[in-house]
Amino acid sequence: MRIGVCIKQVPDTDSHLRIADSGREIDDSDLNWVISSCDLCALEEALLLAEAQVSRGEERPELVVFSLGPARVEEALRKALALGADRAVHLADEALQGGDALADGRALAAALAGANCDLVLTGAQSDDLGQAATPAVIAEILGLPYAWLVMAVELDAPRQSARVVRELEGGMNEVLRLDLPAVLAIQAGINKPRFASLRGTLQARGKPLHREDCSGVDAGLVGAAGAGTETESVTLPPAGAGGVVIEGVSAEAAAEELLAHLEREAAL
Amino acid sequence: MVLLPHTYQSAEYAPRLAVRLGASYIASVSSATLDPCGGLHFSRAILQARLRAEVRPKRRLVVATVQIGAFGGHEPVESPERVFEVGRPADVERHREREILGREAAGAGGVDLPGAERIVTAGRGVGGPDEVSVAADLASALDAELGASRPVVDNGWLPREHQVGSSGHIVAPNLYVALGVSGSIQHLMGMSGSRVIVAVNRDPEAPIFSVAHYGIVADLHDVAPALTRLLEARRSG
């Protein structure tokens, strides 16, 4: 069995975000880059599924991690290898860059099809653009069943289907059965992603990481040429709702002032 | 243009629909404008609502999902121009590759957030499971229910039934106090209808301040205990 995991490298949302001079993107000169949080949960879920199969006496599935992006993405793939993935595929070709979810999903689908995966895991949405579209695009292009916001995964013994719990609004979950191969988009928080050990980090250096140029895919469908959207501008959100800001005073003074406001508002 | 609400149901299949139609796809938009040349432009939150992006579809057909609560409700028009009734096309086979087995509640009960008059919510800024008490103490001094943001629940600091936001409870109490909540778009969707919103956060750029009526830029570990002490002193005095 082979499990593919797609990860995206994103700016650390705790880092200070500046808008680039072009006004169309964020300034990436001084950013920390991390693996998007749901994608880390997807990788952790793949590792847990692999470990569960080993503990049942079955053969350990091969875990292949995929990522699309420029040279910096190699660091994210090395981290995934250090965490326990067996090999990595970097969609690094210049022609694949600058796409949106439609273009990136098409390139990833081509790479996944080439690897012949029985199960594809991704995060439910990225921490940067957060469209929650790429895994659905992958599923559509590969013609596979798909579930979004997955809270739990169990593979049946012959590994022909997966029992999946997915989140709905209002504190309800939906229980599904999907035939394999399938694409599952993992919700944040379903597991606790492990930390890489020193041993894992050292082992990762020897694991295969290869570059995939998706040469079989029509160049007009991937990268900037294949994107269905264009970002025209990036701006700071409009300033507050005209609210009262209390700052620069002691905690006691701030508390007094707030309570006076709340009494006037009859909110107490 | 095909518009769908950005719910957990429709946002699952909407990107597949866009691929099948050869359309552009834009998710969770909060506004749309039409320029004089007939071009569409959409606005959406990115980087966990820290920034906004204006996005233009490059294709003639666009599938977009709309953020819940982004637009105020309009009076329904008297009779829509045309309503199509669509049956299941005869050539669509019932899918067996994906089967719904049932539904279940995500967590236990005992917390009544939707019915609460006042809510104090602990965000990631409280810092850890042992420090949630700073929010719980203020909640008890205010006679409020205790809420939690998603990271607090995901980290196991509070059980899931405390979660406020689109994946937890949608609330609109008389008073909502957010302690150390940065304010993801999903959280804002779940509480921005509250009558009076108070936010305490060290980061003046936290998106929660965009919906707060009263914002205190300070460490919640100083401000929340001070509020609790004042309220308790009033109660006993």
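The coordinates are above.
This structure is a prediction, so every number in the text was calculated from the model and none was measured.

Each value, and the rule that gives it
Residues numbered from 1 in each chain as written. Chains lettered and ligands numbered in written order. Predicted model: local features only at pLDDT ≥ 70, side-chain atom pairs only at ≥ 80, totals over all residues. Heavy atoms only, no water. Helix = DSSP H or I, 4+ residues; strand = E, 2+ residues; numbered from the N terminus. Buried < 20%, exposed > 50% of the residue type's maximum accessible area, 1.4 Å probe, protein only. Contact = heavy atoms within 4.5 Å. Areas by Shrake-Rupley, 256 points an atom, 1.4 Å probe, with all protein chains shown as cover. Core = buried A, V, L, I, M, F, W, Y, C linked by side-chain atoms within 4.5 Å. Pairing = 2+ DSSP bridges. Axes fitted to C-alpha atoms, helices over the stretch in contact; angles between N-to-C directions. Parallel < 35°, antiparallel > 145°, perpendicular 65-115°, else oblique. Left-handed = near helix turned anticlockwise from the far one by under 90°. Nonpolar A, V, L, I, M, F, W, Y, C, P; charged D, E, K, R; others polar.

Chemist: Explain the overall build of chain A here, please?
Modeler: A count of helices and strands for chain A gives 7 helices and 13 strands. The principal-axis extent of the C-alpha atoms belonging to chain A is close to 65 × 45 × 40 Å. Across the 268 residues in chain A, those meeting the buried criterion constitute 52%. Sequence separation of at least 24 residues holds for 70% of the intrachain contacts in chain A that already meet a minimum separation of 6.

Chemist: Looking at this structure, I do not really get the overall build of chain B. What am I missing?
Modeler: A count of helices and strands for chain B gives 5 helices and 11 strands. Projected onto its principal axes, the C-alpha coordinates of chain B cover approximately 70 × 50 × 35 Å. The buried share of chain B, reckoned over its 237 residues, is 49%. Relative to all contacts within chain B whose residues are 6 or more apart in sequence, the contacts with residues 24 or more apart total 54%. Entry remark: accessible area of chain B is about 12000 Å², with carbon and sulfur atoms responsible for 51%.

Chemist: Sorry if this is basic, but what is going on with the nonpolar core here?
Modeler: One recurring pattern in soluble globular proteins: nonpolar side chains tend to sit buried together. In this structure, A:Ile3, A:Ile7, A:Leu119, A:Leu121, A:Leu184 and A:Ile186 are the most contacted members of the largest nonpolar core, which totals 42 residues. The greatest single-element share of this core, amounting to 8 residues, is contributed by helix H1 (residues 37-55) of chain A. When near neighbours in sequence (up to four residues on either side) are disregarded, A:Leu119 contacts A:Met1, A:Arg2, A:Ile3, A:Gly4, A:Leu49, A:Leu155, A:Leu180, A:Ala182 and A:Leu184. Counting residues in each nonpolar core, the second largest holds 40 residues, with A:Ala254, A:Ala255, A:Leu262 and B:Ala141 among its members.

Chemist: What am I meant to see in the sheet that holds strand S2 (residues 24-34) of chain B here?
Modeler: Adjacent strands of a sheet form backbone hydrogen bonds with each other and so pair up, either parallel or antiparallel. Across the sheet, which stays open at both edges, the 6 strands sit in the order S12(A)-S4(B)-S3(B)-S2(B)-S5(B)-S1(B) with mixed pairing between neighbours. Here the strands that pair on one side only, and so sit at the sheet edges, are strand S12 (229-235) of chain A together with strand S1 (2-5) of chain B. The sheet shows a mean angle of 45° between the axes of neighbouring strands, taken without regard to direction. Pairing of S12(A) with strand S4 (residues 51-57) of chain B involves 6 bridges; the strand directions are antiparallel. Bridging across to S4(B), A:Val234 finds its partner in B:Ala53. Together, S1, S2 and strand S5 (62-66) of chain B form the strand contacts of helix H1 (residues 10-21) of chain B, whose direction differs from that of S1(B) by roughly 165°.

Chemist: Would you mind showing me how to read the environment of B:Ala70 here?
Modeler: Within the secondary structure, B:Ala70 is located in the loop between S5 and strand S6 (98-105). With 119 residues separating them in the primary sequence, B:Ala70 and B:Met189 have C-alpha atoms 8.8 Å apart.

Chemist: Whenever I open this one, the packing of helix H2 (residues 133-141) of chain B against helix H5 (residues 220-236) of chain B confuses me. Can you help?
Modeler: Each pair of packed helices can be summarised by the angle the axes make with each other and by the distance between the axes. Residues and elements named next belong to chain B. The N-to-C vectors of H2 and H5 enclose an angle of 25°; their axes lie 9 Å apart at closest approach. Relative to H5, H2 is oriented roughly parallel. In this structure, the crossing between H2 and H5 has a hand that is left-handed. Within the contact between the two elements, H2 uses Val134, Asp137, Leu138, Ser140 and Ala141 and H5 uses Leu220, His221, Ala224, Pro225, Leu227, Thr228, Leu231, Glu232 and Arg235. A breakdown of the residues in the contact of H2 with H5 according to their chemical character gives 8 nonpolar, 3 polar and 3 charged.

Chemist: Help me out: how do you make sense of the environment of A:Leu40 in this one?
Modeler: Residues and elements named next belong to chain A. Here Leu40 shows up in helix H1. Put simply, Leu40 and Ile7 are 33 residues apart on the chain and 7.5 Å apart in space, counted from C-alpha to C-alpha. Sequence-distant contacts of Leu40, that is, excluding residues within four places in its chain, are made with Ile35, Lys79, Leu83 and Pro193.

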